[in-house]
Amino acid sequence: MSEKLTIKITKLPLKKTPNLVVFVHEDEELTGEAADLFSKAGLNWKALSDAGDFCGKSGQVLDILTPKNLPIDRLLVLGIGKPQGDTLDEESADTPSSSTYWAEQGGRHLSVLKKFNLQQVALILDAPDMEPDSVAQICAGITLANYNFDKFISKKTDDENPEIKHWNISIYVKDKPAVEKAVAFRSATVDGTLLARDLVNEPPNSLGPVEFAKVASSLSSLGVDVEILNPSRMKKLGMEALLAVGQGSRRPAQMAIMSWAGGKKRDKPLAIVGKGVVFDTGGVSIKPAGGMQDMKGDMGGAAAVVGLMKTLALRKAKVNVVGVIGLAENMADGNAYRPGDIVTAMSGTTIEVINTDAEGRLVLADALWYTQQKFNPVLMINLATLTGAIMGALGQDYAGLFSNNDQLAKRLSAAGIASGEKLWRMPMGPAYEKLIKSRFADIKNIGGRYGGAITAAQFLQHFVNEVPWAHLDIAGTGFGTPSTDINKSWASGFGVALLDRFINENYEK
Ligand code: BES
Ligand code: MN
Ligand code: ZN
């Protein structure tokens, strides 16, 4: 749940409104309808902005109580910094978050409204650089910024403003139909991202594998075909690796397969696979107590897959995509799997378990193999909160990208820059492969002391044949990231916007 928010797109001219908000770039004049209103009322923008020490720097606010002869009582001018350059260098991962520029402005706009407690506002977006998609991104930013997971907070009001808040924003534009179309497209992505955030934020006692699978099933109302595999089905299919992870839990492991068929019938699907460990205690190789509660987010990869499938269905994407998630709970119990156990994955590969806390790769081993055998996809991308080591390497701003295919890696990196969900490619190769050779089985589930994110990727590659494949390690970016203009929540929903962008750019045009 979040505070109530209504965004309405309205065609200019402006009607009477108590509070008007306009955006002004750094060192630029007030333009468009707002400027006309101003000069009609005999006001001088230059004098006012000088008096208010306002130059349009990002974050600046000029608060003007307007004279009687205007149809507004109060005008807030928000500085939005220098206009973003339109040369977006997709090769350079150094590009700042300029591609999320408008979404960030939207998020900031909402925090200003909240700070000033303005619940009824009009926002005029009629500047020449304001494309319909920029308006849509502003709307997306507002909605993402408003998201707050407070369903378990019983007292929702704060002392200063005890009334229930409802933020009403009327956005005034020149071309309403074009803007509405762009907004519908972008809100599909936002809705998917918010579903992913909800799943990751949800506590582990109320979201086990079965409950998670039910959320996946609920996408059938949007036209997604969903199939759920229970442990006995998985056992028949030979998924010993995934089942080993779940065997210490009272709550049975599940696999959910979601198919969206928006493309041509004969086109092979794209496949997206997610790690859905609903809670990761580490198992017998148990984790230390400090911070263990964060492991409720160990299904962030699966959450992104479900969120993505929702987005694709909402915007009726013209592409065939199958989403597969492996769901299990990693518990320490009398029936739990042990270090030393050897399990045979669905592929036939035998795995020596050295550490039961390296469980995500076991779940993915069977999910990847199953997906590849069953759907023969054009490509396979998996998302997983797989290793602490990727956080050591990249921190929390970039997710790790591992791939057997340069073109796929390039396309994903570009989509990362464009969506603001950034990826950094990591190496793979025989030197790392050696580290997971086992004395007793084909491979073991951990490498040595170093390169932990890479040896995890090498492990996954055993369950992928010739198909172009990419592994995204989102352990650092899926949750617990620093608050931003468009995410104030613990869970980020990382991956939905990224893969939506990747699919739309490369497979729907
Ligand atoms: N789910 C964890 C990885 C993780 C850690 C995600 C922190 C998000 C935040 C994963 O299952 C795990 O425990 N990995 C181990 C692997 C090790 C035992 C080789 C790790 O990273 O320490
Ligand atoms: Mn683990
Ligand atoms: Zn885990």
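Here, every reference points to the structure presented above.
Residues numbered from 1 in each chain as written. Chains lettered and ligands numbered in written order. Predicted model: local features only at pLDDT ≥ 70, side-chain atom pairs only at ≥ 80, totals over all residues. Heavy atoms only, no water.

Engineer: Outline empty space enclosed by the protein, supporting the account with residue identities and numerical values.
Structural biologist: A water-sized probe, rolled over the atoms, reveals where empty space remains. Taken as a whole and assessed by the stated rule, the structure comprises three cavities of 30 Å³ or more. Of the pockets and cavities examined, the largest cavity occupies roughly 90 Å³. Contributing to the lining of the largest cavity are Val22, Phe23, Thr31, Ala34, Ile124, Leu125, Asp126, Ala127 and Met130. Of the residues in the lining of the largest cavity, the class split is seven nonpolar, one polar and one charged. (1 Å grid on protein atoms, 1.4 Å probe; cavity = no way out; pocket = protein on both sides within 12 Å on 5 of 7 lines; lining within 4 Å. Points joined across faces, edges and corners; volume = space filled by probe spheres on them. Nonpolar A, V, L, I, M, F, W, Y, C, P; charged D, E, K, R; others polar.)

Engineer: So what's going on with the sheet that holds strand E10 (residues 320-330)? Residues and values would help.
Structural biologist: Within the open sheet, the eight strands sit side by side as E7-E8-E10-E9-E13-E17-E14-E15. Their pairing is mixed. Edge positions in the sheet fall to strand E7 (225-229) and strand E15 (422-425), since each of these pairs with one other strand and no more. The sheet shows a mean angle of 20 degrees between the axes of neighbouring strands, taken without regard to direction. Strands in contact with helix H10 (residues 360-375) are E7, strand E8 (254-261), strand E9 (270-280), E10, strand E13 (379-384) and strand E17 (469-473); relative to E9, the strand with the most contacts, it is inclined by about 155 degrees. (Pairing = 2+ DSSP bridges. Helix = DSSP H or I, 4+ residues; strand = E, 2+ residues; numbered from the N terminus. Axes fitted to C-alpha atoms, helices over the stretch in contact; angles between N-to-C directions. Contact = heavy atoms within 4.5 Å.)

Engineer: Describe in detail the site of ligand 1, supporting the description with residues and values.
Structural biologist: Taken together, 17 residues surround ligand 1, and among them Lys287, Asp298, Asp357, Glu359 and Gly388 come closest. Lysine 287 is positioned with one of its side-chain polar atoms (N or O) 2.8 Å from an oxygen atom of ligand 1. Here ligand 1 has 520 Å² of accessible area as a free molecule, and 78% of this is covered by the chains. Those elements giving two or more residues to the shell around ligand 1 turn out to be E9 and helix H11 (388-394). Looking at the shell around ligand 1 residue by residue, the class counts come to six nonpolar, four polar and seven charged. (Near = heavy atom within 4 Å. Polar contact = N/O pair within 3.5 Å; in protein donor to acceptor, adjacent residues only side chain to side chain. Areas by Shrake-Rupley, 256 points an atom, 1.4 Å probe, with all protein chains shown as cover.)

Engineer: Got a sec to walk through the coordination of the manganese ion (ligand 2)? Specific residues and values, please.
Structural biologist: Around the manganese ion (ligand 2), the protein supplies Asp280 (OD), Asp357 (O), Asp357 (OD) and Glu359 (OE) as donor atoms, at distances of 2.1 to 2.2 Å. Around the manganese ion (ligand 2) sit six donor atoms; with metal-centred angles ranging over 71 to 168 degrees, the donor geometry is irregular. All donors of the manganese ion (ligand 2) belong to a single chain; written as a sequence motif, their spacing is D-x76-D-x1-E. Separating the manganese ion (ligand 2) and the zinc ion (ligand 3) is a distance of 3.1 Å, and aspartate 280 donates to both of them. Of this pair, aspartate 280 sits in strand E9 while glutamate 359 is found in the loop between strand E12 (350-352) and H10, placing the two residues 79 residues apart along the sequence. Judged by its relative accessible area of 1%, glutamate 359 falls in the buried class. (Donors = N, O, S within 2.8 Å, 3.2 Å for Na, K, Ca; no water. Tetrahedral: all angles 85-135°; square planar, octahedral: opposite > 155°, others 65-115°. Buried < 20%, exposed > 50% of the residue type's maximum accessible area, 1.4 Å probe, protein only.)

Engineer: Would you mind going over the coordination of the zinc ion (ligand 3) in detail, with residue names and values included?
Structural biologist: Only Lys275 (NZ), Asp280 (OD), Asp298 (OD) and Glu359 (OE) from the protein reach the zinc ion (ligand 3) as donors, at distances of 2.0 to 2.4 Å. What the six donor atoms of the zinc ion (ligand 3) show is an angle range of 78 to 175 degrees at the metal, which sorts the shape as octahedral. In the primary sequence, the donor residues of the zinc ion (ligand 3) line up as K-x4-D-x17-D-x60-E.

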